[in-house]
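Listed here are the chains, written in short residue letters.
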Amino acid sequence: MSSSINNLICAFLLILTAGSSSTLAQSADSHVHGNAELNIVLMGQQLQVEFVSPAINLLGFERPPITDEESAAMDDTINQLRHGGWLIEGIPTACQLSTEEFEAPVYEEHESSEHDAEAHSNFRVRYLYDCDTAPRKQLKLLAFDHFSGIETLTVQWIADQKQGYARLNRDDPVLDFE
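Structure report, in brief. Note that this is a predicted model, so its numbers are computed, not measured.

### Observations regarding the state of the cysteines
- Scanning the entire structure with this criterion turns up one disulfide.
- The residue that forms a disulfide with Cys95 is Cys131, at a sulfur-sulfur distance of 1.9 Å. Handedness here is read from the sign of the S-S torsion; for Cys95 and Cys131, about 105°, the answer is right-handed. Here Cys95, found in strand E3 (residues 95–103), pairs with Cys131, found in strand E4 (residues 122–131); they are 36 residues apart in sequence, far enough to count as distant.

Here's what the structure looks like:
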């Protein structure tokens, strides 16, 4: 494994473990309807992005699909998330995209119960963009355009030996690494 990939992995692990009290409130254990989380590491020509969202933000429900329309929505969402090109506007075509990790809710087949109504489930996906040139220092995030249930994006980032935190919304979907 190359040293740049090792450095990227180390930086990504750092962003997952470090944080202030405000970012800790948005940890992987939190589940806030309307909010999705992004962890981003930009290191040279590589951009790693982890996207985590409650299923309700993407599907409109957090239980097994009941209707054919809900099953289709689940399949479409899984396909879109696996693709990865939907999240950031203007990533150069000179970038090789890979999906490094993907988790979708797994629903057990059984009768509905009160527990199902209270159950929480998340989608989690991690992308790696390996580019010929460094990505821009401003990224327009398109999650709001694709999923109407996302009202805010909580973003933690590391770029060029800087780190930051941002809370984006439909009116302000641009992340600036400066």
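### Overview of the side chain of Ser121
- Residue position: Ser121 is located in the loop between helix H5 (114–118) and E4.
- Setting aside residues no more than four positions away along its own chain, Ser121 makes contact with His31, Ser53, Pro54, Ala55, Glu62, Pro105 and Tyr107.

### Here we look at the environment of Glu101
- Tracing the backbone shows Glu101 in strand E3.
- For the pair Glu101 and Arg124, spaced 23 residues apart in sequence, the C-alpha separation works out to 7.7 Å.
- Beyond its immediate chain neighbours, meaning those up to four positions away, Glu101 contacts Arg124, Val125 and Arg126.
- Within polar-contact distance, the side chain of Glu101 engages the side chain of Arg126 at 2.8 Å.

### A look at the pairing of E4
- Of all ten residues in E4, eight are buried, a share of seventy percent or more.
- Pairing geometry for E3 and E4, over eight bridges, is antiparallel. Bridged to Ser98 within E4 is Leu128.

Conventions we followed
Residues numbered from 1 in each chain as written. Predicted model: local features only at pLDDT ≥ 70, side-chain atom pairs only at ≥ 80, totals over all residues. Heavy atoms only, no water. Disulfide = S-S within 2.5 Å. Helix = DSSP H or I, 4+ residues; strand = E, 2+ residues; numbered from the N terminus. Contact = heavy atoms within 4.5 Å. Polar contact = N/O pair within 3.5 Å; in protein donor to acceptor, adjacent residues only side chain to side chain. Buried < 20%, exposed > 50% of the residue type's maximum accessible area, 1.4 Å probe, protein only. Pairing = 2+ DSSP bridges.

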